[in-house]
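Spelled out, the chains give:
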Amino acid sequence: MDALIAGVIGVIAGGGVSFVANYFLNVQRYKQDTKKQNSDHDHNLAKQKTEYDYERQIFLRQKYEDLVFRLIDFSMILRSLDLNVQQQGTRQININEFIEKGGQIEVITVLYFPKLVDECKRFLDVANPLFVSQYNRHHNSTNSNSDNLESLKVKFDERYDELYSEIQKYKSDYT
């Protein structure tokens, strides 16, 4: 009977030791798995951040190119209007196109290029009176205020050059 009790105690002790050993091994594995998951998670976050930064840079480059093209289109409207007036042309002038292009330049600048907002505003503040003056001259067909018109053209060209220089200055930030 003593042998039976000793055998049962041995089995219980062996099972207990096995249970405790397995418990500690499982705890250790759990900690390792948790560390690996955290490491994988951190790695995935870093990878996602890198991908996000890359995609954002591509997006900004596209918006930057869009801004430059719109700026050129906008200035071409004014220059073609000036040519039309000089040649006594009868080409229809689209006020909505001018307003739309100017608004697009302003919106793109405000949303994506905060460093260019002030320079863009100064540019548009000169472009609008020039357009109005040329438009009025086109429809009235008079040469009154030609000195004022020439002054506005000079200011416009200066602001255009300043804005373009400012855009060039931040080229490396956005491309």
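As a convention, each chain's residues are numbered from 1 in the sequence order in which they are written. It should be noted that, the model being predicted, local features are given only for residues of pLDDT at least 70 and side-chain atom pairs only at 80 or more, the latter also being counted only at that level, while totals for whole chains, interfaces and linings use all residues. Derived side-chain values reflect all non-hydrogen atoms in the structure, with water molecules and hydrogen atoms excluded from consideration.

Asker: How would you summarise the overall build of the protein if you had to cite specific residues and measurements?
Answerer: Broken down by element type, the protein carries five helices and zero strands. A run of DSSP states H or I qualifies as a helix once it reaches four residues; a run of E qualifies as a strand once it reaches two. Both are numbered from the N-terminal end. In sequence order, the secondary structure elements of the protein are arranged as α-α-α-α-α. Residue burial is assigned from relative accessible area. The probe radius is 1.4 Å, only protein chains are included, and a residue is buried under 20% of its type maximum, exposed over 50%, and partly exposed in between. Buried residues in the protein amount to 25% of all 175 residues. Any pair of residues with heavy atoms lying within 4.5 Å of one another is described as a contacting pair. Put simply, of all contacts in the protein between residues at least 6 apart along the chain, 80% involve residues at least 24 apart. Summing over all exposed atoms, the protein offers an accessible surface of approximately 12,200 Å²; the carbon and sulfur share of this is 54%. Every accessible area reported is derived by Shrake-Rupley at a probe size of 1.4 Å, with residue values counting cover from the shown protein chains alone.

Asker: Describe the pattern of salt bridges, and please don't skip the residues or the numbers.
Answerer: For salt bridges, the criterion is a side-chain nitrogen of Lys or Arg within 4 Å of an Asp or Glu carboxyl oxygen. In the structure shown here, the tally under the stated rule is eight salt bridges. The salt bridge partner of Asp 66 is Arg 70, with a shortest N-O separation of 3.0 Å. With Asp 66 and Arg 70 both in helix 1 (residues 2–86) and four residues apart, the pair spans about one turn of that helix. What makes Arg 70 partly exposed here is its relative accessible area of 21%. In this structure, Lys 169 engages Glu 166 in a salt bridge whose closest nitrogen and oxygen atoms are separated by 3.5 Å. Here Lys 169 pairs with Glu 166, and both are found in helix 4 (residues 146–169), just three residues apart, close to one helical turn. A relative accessible area of 17% places Glu 166 in the buried class.

Asker: A description of the side chain of Thr 109 should follow, citing residues and the corresponding values.
Answerer: Relative to the assigned elements, Thr 109 resides in helix 2 (residues 95–112). You can call Thr 109 buried: its relative accessible area is 2%. Ignoring anything within four residues of it in the chain, the contact list for Thr 109 reads Leu 67, Pro 114, Leu 116, Val 117 and Cys 120.

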